[in-house]
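# Topology and contacts: notes
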Amino acid sequence: MARAAVSRRLNWQVATVLAVRQETGSARTLVLDVPGWVGHLPGQHLDVRLTAEDGYQAQRSYSIASAGPGPVEISVQRLSDGEVSPYLTDVVEAGDQIEVRGPIGGWFVWRSASTAPVVLVAGGSGIVPLMAMIRARGQAAGRQPFRLIYSVRTPADALYADELRRRAVSDPGLDVHFVYTRSAPDGWPHPVKRLDVAVVNTHGWPPDFQPDCFVCGPNTFVEVVADILVALGHDPKRIRTERFGGA
């Protein structure tokens, strides 16, 4: 039975797009009906494969944004030079079908059985797998205290901004702090700057609390944040990272 489940996850299958939802000017969520979906852990991802009329294929991995069990949601940020993302953000509509396989990944995941505090640090579209963790905690009515630090260029670049604000108000166990690196909303009480030691120290959990830390974003962002966490005294074994972009 277990072997069959693994085989199903790793085999390509056709998913139907149930709905599309615009998150920002360049990011979109696709709601997918995946036949035989067995559920997933927050932090896992899907592979998506597109096949052109001449047989050329391109595939990319996208973090799962939904808590589960289904339907499955992925949020895609358009890349101007991308082979897959422009199609998913500009062309695909409800009723279309795409090839997927998954869920995939077992390291960068949060399990609701854990009782440790959690620090989430996201850069740009790196919020997607962390949003799955926040949603999963909410769905399970978890009592683990979560703190999210979300760095974006401008307010218009923030995915799930309204939902995050609603959840931060309705759930006293969730704290959300935005960092704006280029422009901030009118009246924003914090300086426009890149995420730094002071931000992580102020808005994350102290290392003495032994929190689980999840960091996701572009390569350089993830490296900087991981170094900051270690410098502040966090246990490297409790820091999990996921990154995207060129080597």
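Located above this text is the structure these notes cover.
These notes cover the structure that comes with them. (Residues numbered from 1 in each chain as written. Predicted model: local features only at pLDDT ≥ 70, side-chain atom pairs only at ≥ 80, totals over all residues. Heavy atoms only, no water.)

## Re the pairing of strand β10 (residues 212-218)
- Judged by how many residues are buried, β10 sits mostly within the fold: six of seven residues are covered.
- Direction of pairing for strand β7 (residues 118-123) relative to β10: parallel, over a ladder of five bridges. Among the inter-strand pairings, Leu 120 is bridged to a residue of β10, identified as Phe 214.
- Where β10 and strand β11 (residues 239-244) come together, six bridges link them in parallel fashion. Considered in β11, the bridge of Val 215 is made with Thr 241.
- Crossover handedness for the path β10 to helix α6 (residues 219-231) to β11: right-handed. (Buried < 20%, exposed > 50% of the residue type's maximum accessible area, 1.4 Å probe, protein only. Helix = DSSP H or I, 4+ residues; strand = E, 2+ residues; numbered from the N terminus. Pairing = 2+ DSSP bridges. Right-handed = clockwise from strand over helix to strand, strands pointing away.)

## Description of the layout of surface pockets
- Of the pockets and cavities examined, the largest pocket occupies roughly 1,300 Å³.
- The wall of the largest pocket is formed by 39 residues, among which Gly 123, Gly 124, Ser 125, Pro 218 and Phe 244 lie closest to the centre.
- Contributions of two or more residues to the lining of the largest pocket are made by β4 (57-63), β5 (72-77), α3 (127-139), β8 (146-152), β10, α6 and β11.
- Looking at the lining of the largest pocket element by element, the count peaks at five residues for α6.
- By volume, the second largest pocket amounts to about 200 Å³.
- Lining the second largest pocket are Arg 21, Glu 23, Arg 135, Pro 155, Ala 158, Tyr 160, Ala 161, Asp 162, Glu 163 and Arg 166.
- Counting residues per element, the ones that place at least two in the lining of the second largest pocket are β1 (13-24) and α4 (161-170). (1 Å grid on protein atoms, 1.4 Å probe; cavity = no way out; pocket = protein on both sides within 12 Å on 5 of 7 lines; lining within 4 Å. Points joined across faces, edges and corners; volume = space filled by probe spheres on them.)

## Some thoughts on the side chain of Arg 49
- With respect to the secondary-structure elements, Arg 49 resides in strand β3 (residues 45-51).
- In terms of polar contacts, Arg 49 uses its side chain to reach the side chain of Glu 99, at 2.9 Å.
- Sequence-distant contacts of Arg 49, that is, excluding residues within four places in its chain, are made with Trp 12, Gln 57, Ala 58, Gln 59 and Glu 99. (Polar contact = N/O pair within 3.5 Å; in protein donor to acceptor, adjacent residues only side chain to side chain. Contact = heavy atoms within 4.5 Å.)

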